[in-house]
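Working through the structure, step by step
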Amino acid sequence: MIEATEIDVSYDGIQVIWDLSLSVPEDEGVIAIVGPNGAGKSTLLRVLSGLHPIDDGRVTLWGEDASTLEPSEIVEKGFVHVSEERNLFDEMTVRENLEMGAYTRREGLEGNVREVFELFPVLERRASQRAGSLSGGEQQMLAIGRGLMAEPKILALDEPSEGLAPQITARMFEKIEEISEEVTVLLVEQHVHRALSLAGRAYLLENGEIVTQDTGPGLLESEYVEEAYL
Ligand SMILES: Nc1ncnc2c1ncn2[C@@H]1O[C@H](COP(=O)(O)OP(=O)(O)OP(=O)(O)O)[C@@H](O)[C@H]1O
Ligand SMILES: [Mg+2]
């Protein structure tokens with residue numbers, strides 16, 4: 001369980017998140033955060049993963065104050081963030097990239113690699129290939145697979161379908177649904193309809209503030225989303 005309570009966040013003195021509260025419980029499958037460009041979605045994920053400080057308010061991860069935790073401790077506690085940039089090691093192989101995802105552990109990696117290969121069979125076929133030589137969709141699968149290697153309880157995905165062809169996007173959402181049967185997924189997405197249809201809980205973020213929250217399907221029917229996206 002992750003909870004943010006009334007947080008303010010800024011970059012170089014310019015505030016971008018205002019008085020934001022949200023919670024990510026572990027029994028609702030997919031928790032979606034949707035909203036326009038620049039709303040603060042990626043910033044929020046950076047805050048939750050300990051990569052950016054808050055100015056006010058409080059973030060707790062499984063009851064512990066996030067300000068006392070290093071980013072690596074946040075990963076060990078069970079929150080893993082797959083960023084927009086993917087940050088793969090291009091010169092390393094697919095398998096080596098996966099192993100890097102489990103850097104907090106040394107044992108039992110092979111079982112995790114197997115699970116990732118079962119989820120994304122194409123990664124097994126490309127196991128010895130350089131990550132930099134993969135297609136965009138394959139790189140996204142590898143970034144997610146690497147995140148899963150750390151055995152998260154909550155996996156945050158920042159725009160996993162960005163830059164993917166429509167067919168690949170549809171497959172990616174199927175995989176996200178599959179992952180969410182085992183691991184809670186905190187999903188930031190531009191494909192609002194697809195994301196909300198999957199979400200047990202959803203937040204609409206605009207200009208750094210939560211405008212409304214509901215179940216995914218509930219938010220899909222709300223006037224806010226209808227106005228903004230239909
Ligand atoms: N490193 C940074 N330095 C200064 N300002 C930043 C930085 N990163 C983001 N911002 C600003 O913070 C605000 C929120 O940005 P953020 O990237 O979190 O939005 P987003 O909702 O993820 O947008 P997108 O949908 O385009 O990814 C924007 O006004 C952005 O210009
Ligand atoms: Mg973003």
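What this report covers is the structure whose coordinates are included nearby. (Residues numbered from 1 in each chain as written. Chains lettered and ligands numbered in written order. Predicted model: local features only at pLDDT ≥ 70, side-chain atom pairs only at ≥ 80, totals over all residues. Heavy atoms only, no water.)

**A short note on the site of ligand 1**
Close to ligand 1 lie 14 residues; N37, G38, K41, S42 and T43 are nearest. Contact with the protein chains covers 61% of the free accessible surface of ligand 1, which is 630 Å². When residues in the shell around ligand 1 are grouped by element, the largest group, four residues, is from helix α1 (residues 41-48). Residues of the shell around ligand 1, tallied by class, amount to four nonpolar, six polar and four charged. (Near = heavy atom within 4 Å. Areas by Shrake-Rupley, 256 points an atom, 1.4 Å probe, with all protein chains shown as cover. Helix = DSSP H or I, 4+ residues; strand = E, 2+ residues; numbered from the N terminus. Nonpolar A, V, L, I, M, F, W, Y, C, P; charged D, E, K, R; others polar.)

**Some words on the pattern of salt bridges**
Applying the stated criterion to the full structure yields eight salt bridges. A salt bridge links R201 to E28; the shortest N-O distance between them is 3.0 Å. Taken together, the residues span a long stretch of sequence, with R201 in strand β9 (residues 199-206) and E28 in the loop between β2 (14-24) and β3 (30-34) at a distance of 173 residues. Take E28: its relative accessible area is 26%, and that puts it in the partly exposed class. With a closest N to O distance of 3.2 Å, E110 and R95 form a salt bridge. (Salt bridge = Lys/Arg side-chain N within 4 Å of Asp/Glu carboxyl O. Buried < 20%, exposed > 50% of the residue type's maximum accessible area, 1.4 Å probe, protein only.)

**What about the environment of F117?**
One can find F117 in helix α4 (residues 109-119). Remark: the alpha-carbon pair of F117 and V211, spanning 94 residues in sequence, is separated by 39 Å. If sequence neighbours within four positions are ignored, F117 has contacts with R95, L98, L123, E124 and A127. (Contact = heavy atoms within 4.5 Å.)

**Considerations on the sheet that holds strand β4 (residues 56-61)**
Pairing between the strands of a sheet is mediated by backbone hydrogen bonds and can be parallel or antiparallel. Strand order across the open sheet formed by four strands is β2-β1-β4-β5, with antiparallel pairing between neighbours. Of all the strands in the sheet, the pair left with one neighbour each is β2 and β5 (64-65). Across seven bridges, the pairing between strand β1 (residues 2-11) and β2 is antiparallel. Across the sheet, the residue bridging to S10 is Q15, located in β2. Sheet contacts for α1: β1, β2 and β4; angle to β1, the most-contacted strand, approximately 115°. (Pairing = 2+ DSSP bridges. Axes fitted to C-alpha atoms, helices over the stretch in contact; angles between N-to-C directions.)

**Here we look at the nonpolar core**
Judged by nonpolar contacts, the single largest core of 47 residues is most densely connected at L123, L155 and L196. In terms of residue count, helix α6 (residues 136-149) provides more of this core than any other element does, six residues in total. Setting aside chain neighbours within four positions, we find L123 in contact with V94, V116, F117, E138, M141 and L142. I31, L48, L186 and Y203 belong to the second largest nonpolar core, which has 27 residues in total. (Core = buried A, V, L, I, M, F, W, Y, C linked by side-chain atoms within 4.5 Å.)

**Re the pairing of strand β6 (residues 79-82)**
Residues of β6 alternate between two faces, with F79 and H81 on one and V80 and V82 on the opposite face, all of them buried. With four bridges joining them, β6 and strand β7 (residues 154-158) adopt parallel strand pairing. In the sheet register, H81 faces β7, and the bridge partner there is A156.

**Considerations on the pairing of strand β8 (residues 184-188)**
Burial within β8 is extensive, with five of its five residues counted as buried. Along β8, one buried face is formed by T184, L186 and V188 and the opposite face, lined by V185 and L187, is buried too. The sheet contact formed by β3 and β8 spans four bridges and is parallel. The partner of A32 across the bridge, within β8, is L187. Bridge count between β7 and β8: five bridges; the pairing is parallel. Following the sheet pairing, L155 is matched in β8 by V185. Once the chain exits β7 it traverses helix α7 (residues 166-180) before rejoining the sheet at β8, and the crossover so formed is right-handed. (Right-handed = clockwise from strand over helix to strand, strands pointing away.)

**A word on α7**
For α7, built from 15 residues, the straight-helix expectation of 21 Å at 1.5 Å per residue is met to within 8% by its first-to-last C-alpha distance of 21 Å. Turning to α7, its buried residues number three or more, namely T169, M172, F173, I176, I179 and S180. Buried positions in α7, seen along its axis, are confined to an arc of 120° and lie on one side of it. Turned more than 90 degrees off the buried face of α7, the exposed positions are Q167 and E174. Tucked inside the fold, the buried residues of α7 contact β3, α4, α6, β7, β8 and α8 (192-198). (Expected span 1.5 Å × (residues − 1). Arc of directions from axis to C-beta.)

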